[in-house]
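For reference, the chains in residue letters:
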Amino acid sequence: GDSVTQMEGPVTLSEEAFLTINCTYTATGYPSLFWYVQYPGEGLQLLLKATKADDKGSNKGFEATYRKETTSFHLEKGSVQVSDSAVYFCALIPRGYGGATNKLIFGTGTLLAVQP
Amino acid sequence: DTAVSQTPKYLVTQMGNDKSIKCEQNLGHDTMYWYKQDSKKFLKIMFSYNNKELIINETVPNRFSPKSPDKAHLNLHINSLELGDSAVYFCASSPGVGTQYFGPGTRLLVL
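Every value quoted in this text rests on a predicted model; they were computed, and no experiment measured them. (Residues numbered from 1 in each chain as written. Chains lettered and ligands numbered in written order. Predicted model: local features only at pLDDT ≥ 70, side-chain atom pairs only at ≥ 80, totals over all residues. Heavy atoms only, no water.)

A.B. asks: So what exactly am I meant to see when it comes to the state of the cysteines here?
C.D. replies: Covalently bonding the sulfur atom of one cysteine to the sulfur atom of another cysteine gives a disulfide. Applying the stated rule across the entire model yields two disulfides over all chains. Here Cys23 of chain A pairs with Cys90 of chain A through a disulfide, and the sulfurs are 1.9 Å apart. Here the S-S torsion is close to -70°, and the disulfide linking Cys23 of chain A with Cys90 of chain A is therefore left-handed. Taken together, the residues Cys23 of chain A in strand E4 (residues 23-26) and Cys90 of chain A in strand E10 (residues 86-93) connect sequence positions 67 residues apart. Overall, Cys23 of chain A belongs to the buried group, its relative accessible area being 1%. Sulfur-sulfur distance for the disulfide between Cys23 of chain B and Cys91 of chain B comes to 1.8 Å. Across the S-S bond linking Cys23 of chain B and Cys91 of chain B, the dihedral sits near -75°, which makes this disulfide left-handed. (Disulfide = S-S within 2.5 Å. Helix = DSSP H or I, 4+ residues; strand = E, 2+ residues; numbered from the N terminus. Buried < 20%, exposed > 50% of the residue type's maximum accessible area, 1.4 Å probe, protein only.)

If you want it as structure tokens, here you go:
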């Protein structure tokens, strides 16, 4: 079945370091891909998304590119801040040739801790 | 203005009790969802409603019953609560199959 695999955390970085959180997926058809962020004690917020191959999603300095050839959607940021400390979830919505479903499938989440 | 709201935010109760969690969205979306986040932060869909009609029902015990009185509300009723039901429950909404927007979560603790 459809699934998302992301790197296990925690990822601990110093402020201004470069961030990569790896995400790969397994899906039939051509899914939409998402990164959600969960700050401590809060709900999930959409960070960025991409709906087709080679699309790049970006928001708040974060970027991710939909790579169909490697079935990946890695999250990157050039310079992290303490305020970026949160749990990051990679997710997909499956989409077969008959159209999209609305079932969001999540990875296990990666905790990012940024130290001053 | 809160887009997706849930009540209560925290719920502590005894095993065997029945409880409800309410969700409301003011985004005008057609589709609403319930997700469960376990203690390891893993998120999994439970139910999805589109215009008050159930369209996704994952493998969830019958003790869990969603109810959608109108397309802006989706409530979750849980009968005979068990220890394993302790989790954070998130409501979400979307315009059809578009991006899903999440509520702040309800932290349920069953003692």
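A.B. asks: Would you take a moment to explain the interface of chain B and chain A for this structure?
C.D. replies: Frequently, the measure chosen for interface size is the accessible area removed from exposure when the parts meet. Listed per partner, the contact involves 23 residues of chain B and 20 residues of chain A. Here chain B and chain A share an interface that buries about 1,600 Å² over both sides, 58% of which is from carbon and sulfur atoms. On inspection of chain B and its partner chain A, the count reaches one salt bridge. Lys103 of chain A is the salt-bridge partner of Glu58 of chain B, the closest N and O atoms lying 3.3 Å from each other. Seen at the junction of chain B and chain A, the total is five residue pairs in polar contact (both at pLDDT 80 or more). Broken down by secondary-structure element, the contributors of at least two residues to the side of chain B that touches chain A are strand E4 (31-37), strand E5 (43-50) and strand E6 (53-57) of chain B. Examining the composition of the side of chain B that touches chain A, we find that four residues originate from one element, E4 of chain B, more than from any other. Considered class by class, the residues forming the side of chain B that touches chain A number eleven nonpolar, eight polar and four charged. (Contact = heavy atoms within 4.5 Å. Buried area = accessible area lost by both parts, 1.4 Å probe. Salt bridge = Lys/Arg side-chain N within 4 Å of Asp/Glu carboxyl O. Polar contact = N/O pair within 3.5 Å; in protein donor to acceptor, adjacent residues only side chain to side chain. Nonpolar A, V, L, I, M, F, W, Y, C, P; charged D, E, K, R; others polar.)

A.B. asks: What am I meant to see in the pairing of strand E1 (residues 4-7) of chain B here?
C.D. replies: Two faces, one strand: in a regular strand the side chains alternate between the faces of the sheet. All names here are of chain B. Residues of E1 alternate between two faces, with Val4 and Gln6 buried on one and Ser5 and Thr7 left unburied on the opposite face. Here four bridges tie E1 to strand E3 (residues 19-25), and the two strands are oriented antiparallel to one another. Directly across from Ser5, in E3, lies its bridge partner Glu24. (Pairing = 2+ DSSP bridges.)

A.B. asks: I'm lost on the sheet that holds strand E8 (residues 73-78) of chain B in this one. Help?
C.D. replies: The strands that make up a sheet are held in pairs by hydrogen bonds between backbone atoms, and each pair lies either parallel or antiparallel. Residues and elements named next belong to chain B. Within the open sheet, the four strands sit side by side as E1-E3-E8-E7. Their pairing is antiparallel. In this open sheet, the two edge strands, each paired with only one partner strand, are E1 and strand E7 (64-70). On average, each strand axis in the sheet is tilted by 20° relative to the strand beside it, whichever way the strands run. (Axes fitted to C-alpha atoms, helices over the stretch in contact; angles between N-to-C directions.)

A.B. asks: Explanation requested: the side chain of Ser32 of chain A in the structure shown.
C.D. replies: All names here are of chain A. Relative to the helices and strands, Ser32 resides in strand E5 (residues 32-38). Taking relative accessible area as the criterion, Ser32 reaches 10% and is therefore assigned buried. If we ignore the near neighbours within four places in the chain, the residues touching Ser32 are Ala50, Thr51, Ala91, Leu92, Ile93 and Arg95.

A.B. asks: Explanation requested: the pairing of E8 of chain B in the structure shown.
C.D. replies: All names here are of chain B. By the alternation rule, side chains of E8 split into Leu74, Leu76 and Ile78, which are all buried, and His73, Asn75 and His77, of which none is buried. Pairing of E3 with E8, which is carried by four bridges, proceeds in the antiparallel orientation. The residue of E8 that forms the bridge with Glu24 is His73. Of the strand pairs in this sheet, E7 and E8 are connected by five bridges, and their pairing is antiparallel. Looking at E8, one finds that Lys67 is bridged to Asn75. The loop that links E7 with its antiparallel partner E8 comprises two residues.

A.B. asks: Help me out: how do you make sense of the nonpolar core in this one?
C.D. replies: The tendency in soluble globular proteins is for nonpolar side chains to be buried side by side. All names here are of chain A. Leu19, Trp35, Leu47, Leu48, Phe73, Leu75 and Tyr88 are the most contacted members of the largest nonpolar core, which totals 27 residues. For this core, the secondary structure elements donating two or more residues are strand E2 (11-14), strand E3 (19-21), E4, E5, strand E6 (44-50), strand E8 (62-65), E10 and strand E14 (110-115). Each residue touching Leu75, except ones within four places of it in the same chain, is listed here: Leu19, Thr20, Ile21, Trp35, Leu47, Leu48, Phe62, Glu63, Ala64 and Tyr88. (Core = buried A, V, L, I, M, F, W, Y, C linked by side-chain atoms within 4.5 Å.)

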